[in-house]
Protein chains: 2
Amino acid sequence: MTNVITISRQFGSGGREIGKKLAEKLGYEYYDKQVVTGIVSKTDLCNEFVEGVLEGKVKESFIFATENSFDMAMSYQSMEIVEVHQAQTKVIKEMAEKSNCVIVGRCADYILADNENINLNRLFIYADMDSRVERCMERNKDAQLTPKQMAKEIKKIDKDREHYYSRFTGNDWGDIENFDFCINTSRSDIDAIVEAIAKVAE
Amino acid sequence: MTNVITISRQFGSGGREIGKKLAEKLGYEYYDKQVVTGIVSKTDLCNEFVEGVLEGKVKESFIFATENSFDMAMSYQSMEIVEVHQAQTKVIKEMAEKSNCVIVGRCADYILADNENINLNRLFIYADMDSRVERCMERNKDAQLTPKQMAKEIKKIDKDREHYYSRFTGNDWGDIENFDFCINTSRSDIDAIVEAIAKVAE
């Protein structure tokens, strides 16, 4: 039996920071980009394509047959997206069953939800738009974006992630029923949150 | 500056138990029914009426003038519901500003949200229907209800609370933006949750 914490998060809410600090505090493995490289190693797909799929930037495209509008054929990309889904499920299960870990994003909450071999805590990290913009501006000082432009970027990234999550899982992204703890970082101190969640997960 | 924890909760999710244990652990005052008696003492209204309003069972009723269907007059009850709202706001502010405390329900999260005199943690406690039914069956062994009947009761109580919350606050009940921590008690141990939240609130 392993202890696993999954972190789903709104962009700019500090989810990744919480994940890293939790892993460090608890002595757990930390998986983030490693999910992407794990999928790449199990398929013939390149890093950029896999990352694009997982971030919801690469979407299914459909070709409508002109002869008969009821005929619909999936494009070559759709098959490869399914390949990513399958490899993603395998990679995340292997990570979770191997040792205690924190996994950021990549639908790990859904993939591991009913796995009896692990003790799972599913976190959803969120924040109000003002504090997300502030965090992103601080982190990307060179980006030369106004707060309004940054907010637009944040919404776009979240929309893509939401698209991928709901296509993969059939669930609504951010539906609290699918999480054990939903944490708003707008007014709380990140270190205090990490302390608290470490208490539950130990 | 006082430390205040508000607890909004789905019926049967263990919110009251968490509130009591948190208050005990932290040495905070615990307010639950005391909000009702506080309102009663500030108005000429009886306990049953105030409780009925706060649980969303007493609803506004409107009388349509028969002469002109565009005329609408509030019934006597509506004025008294407004009186409850006003007294409720006062009572909860007084409680929160007096000393560190836990307040269960009664829109305290909304009333205290922008109060600069308090350090606020707003919790939303929820759980899936199966575990709520199980908790309620255990707690009400004499009620002679089947699980299906109990689920129906739970939904009714939540619907009434939701009605009152949205009438009073203009917000959607259970919208995570209005909370700092949303905690699903379906799979987590109540004592572990209390330990964790105590860490953040201290």
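Scroll up to find the structure this text is about.
Below or above, wherever it landed, is the structure these notes cover. Each residue is numbered by its place in its chain's sequence as written, counting from 1. Chain letters start at A and ligand numbers start at 1, both assigned in the order the entries are written. The predicted nature of this model means local features are confined to residues of pLDDT at least 70 and side-chain atom pairs, given and counted, to a pLDDT of 80 or more, with totals for whole chains, interfaces and linings taken over all residues. Excluding hydrogens and water, the side-chain figures rest on all heavy atoms present in the structure.

**Examining the overall build of chain A**
So, step 1. In this text, helices come from DSSP runs of H or I with a minimum length of four residues, and strands from runs of E with a minimum of two, each type numbered from the N-terminal end. Along the backbone of chain A there are eight helices and seven strands.
So, step 2. Its C-alpha atoms give chain A a radius of gyration of 18 Å, near enough to 17 Å, the size a compact globule of 202 residues would have.
So, step 3. Burial classification: accessible surface area is computed with a 1.4 Å probe over protein chains only, and a residue below 20% of its type maximum counts as buried, one above 50% as exposed, and the rest as partly exposed. A burial count over chain A gives 52% of its 202 residues as buried.
So, step 4. Just so you have it, chain A exposes about 10,400 Å², and 47% of that area is on carbon and sulfur atoms.
So, step 5. All tallies of charge rest on Lys and Arg as positive and Asp and Glu as negative; His and the ends of each chain are not included. To locate a charge, take NZ of a lysine, CZ of an arginine, CG of an aspartate or CD of a glutamate. Within chain A, the 35 negative side-chain charges are centred at a point lying 4 Å from the centre of the 27 positive side-chain charges. Based on C-alpha atoms, the radius of gyration is set beside the globule rule, defined as 2.2 Å times the residue count to the power 0.38. Each accessible area value is a Shrake-Rupley result obtained with a 1.4 Å probe; residue values ignore everything except the protein chains displayed when judging cover.

**Re the packing of aromatic side chains**
Between two aromatic rings, the relevant description is the distance of the centres plus the angle of the planes.
Residues and elements named next belong to chain A.
So, step 1. Here the aromatic set is Phe, Tyr and Trp, taking the six-membered ring for Trp, and pairing holds for ring centres within 6.5 Å; pairs whose planes are under 30 degrees apart are stacked, those over 60 apart are edge-to-face, and all others are tilted. A full pass over the atoms with the stated rule returns ten aromatic pairs over all chains.
So, step 2. Put simply, the rings of Phe-124, Tyr-126, Trp-173 and Phe-179 touch in pairs and so form one group of aromatic residues.
So, step 3. Remark: a charge is flagged as sitting over a ring if the NZ atom of Lys or the CZ atom of Arg is within 6 Å of the ring centre and within 35 degrees of the ring normal. The side chain of Arg-139 reaches across the aromatic face of Phe-11, ending 5.8 Å from its centre.

**Examining the relation of the copies chain A and chain B**
So, step 1. Here the copies are superposed with least squares, the fitted atoms being C-alpha atoms of residues at a pLDDT of at least 70 in both. Under the fitted operation, chain A is carried onto chain B by 0.0 Å of movement along the axis and a turn of 180°, and the coordinates agree to an RMSD of 0.0 Å. With respect to symmetry, the two chain copies, as superposed, fit the operation of a two-fold axis. By C-alpha distance to the rotation axis, the residue of chain A lying nearest is Ala-196 of chain A, at 2.1 Å.
So, step 2. With an isologous cut-off of 70% or more, the 100% of interface residues of chain A that recur at the interface of chain B puts this contact in the isologous class. The contact definition used throughout considers only heavy atoms, calling two residues in contact when any of these lie within 4.5 Å.

**Looking at the interface of chain A and chain B**
So, step 1. Each partner contributes to the interface: chain A provides 24 residues, whereas chain B provides 24 residues.
So, step 2. Summing both partners gives a buried area of about 2,000 Å² for chain A against chain B, and 51% of it is carried by carbon and sulfur.
So, step 3. We define a salt bridge as a side-chain nitrogen of Lys or Arg found within 4 Å of a carboxyl oxygen belonging to Asp or Glu. Summed over the shared surface of chain A and chain B, the number is two salt bridges.
So, step 4. Notably, a salt bridge pairs Asp-180 of chain A with Arg-187 of chain B, separated by 3.7 Å at the nearest N-O pair. In short, buried area is how much 1.4 Å probe accessible area vanishes from two parts on joining, totalled over both.

**Observations regarding the sheet that holds strand β2 (residues 29-31) of chain B**
So, step 1. If you trace the ten strands from one edge of the open sheet to the other, you get β2(A)-β5(A)-β1(A)-β6(A)-β7(A)-β7(B)-β6(B)-β1(B)-β5(B)-β2(B), paired in mixed fashion. Only two strands of the sheet have a single partner each, and these edge strands are β2 (29-31) of chain A together with β2 of chain B. In this sheet, adjacent strand axes meet at a mean angle of 20° when their direction is disregarded.
So, step 2. Between any two strands, at least two bridges found by DSSP are needed for them to pair. Relative to strand β7 (residues 181-184) of chain A, strand β6 (residues 118-126) of chain A is paired through four bridges, and the arrangement is parallel. Each bridged residue has a counterpart across the sheet, and for Ile-125 of chain A the counterpart in β7 of chain A is Ile-183 of chain A.
So, step 3. Against the sheet, helix α1 (residues 15-26) of chain A engages β1 (2-9), β2, β5 (101-104) and β6 of chain A, with an angle of about 165° to β1 of chain A. An axis is simply a line fitted to the C-alpha atoms; with a helix, the fit covers only the stretch in contact. Between two such axes, the angle follows the N-to-C directions and lies from 0 to 180 degrees.

**Looking at the side chain of Thr-2 of chain B**
So, step 1. With respect to the helices and strands, Thr-2 of chain B occurs in strand β1 (residues 2-9).
So, step 2. Identification of polar contacts relies on pairs of N or O atoms within 3.5 Å, with a donor-acceptor requirement for protein atoms, meaning one able to donate a hydrogen and the other able to accept it, and with residues adjacent in sequence counted only if both atoms are side-chain atoms. There is a polar contact of 2.5 Å between the side chain of Thr-2 of chain B and the backbone oxygen of Ala-96 of chain B.

**Describing the pattern of salt bridges**
Residue and element names in this part refer to chain A.
So, step 1. Taken as a whole and assessed by the stated rule, the structure comprises 26 salt bridges over all chains.
So, step 2. With its nearest N and O atoms 3.2 Å apart, the salt bridge here joins Lys-141 to Glu-138. Residue Lys-141 shares its accessibility class with Glu-138, and that shared class is exposed.
So, step 3. Because the salt bridges share partners, they merge into one network encompassing Arg-16, Asp-32 and Arg-106.

**Topic: the environment of Val-50 of chain B**
Residues and elements named next belong to chain B.
So, step 1. In this structure, Val-50 sits in helix α3 (residues 47-54).
So, step 2. Residue classification places Val-50 among the buried positions, given a relative accessible area of 0%.
So, step 3. Filtering out sequence-adjacent residues up to four positions away, Val-50 remains in contact with Val-36, Ile-39, Val-40, Leu-45 and Val-84.

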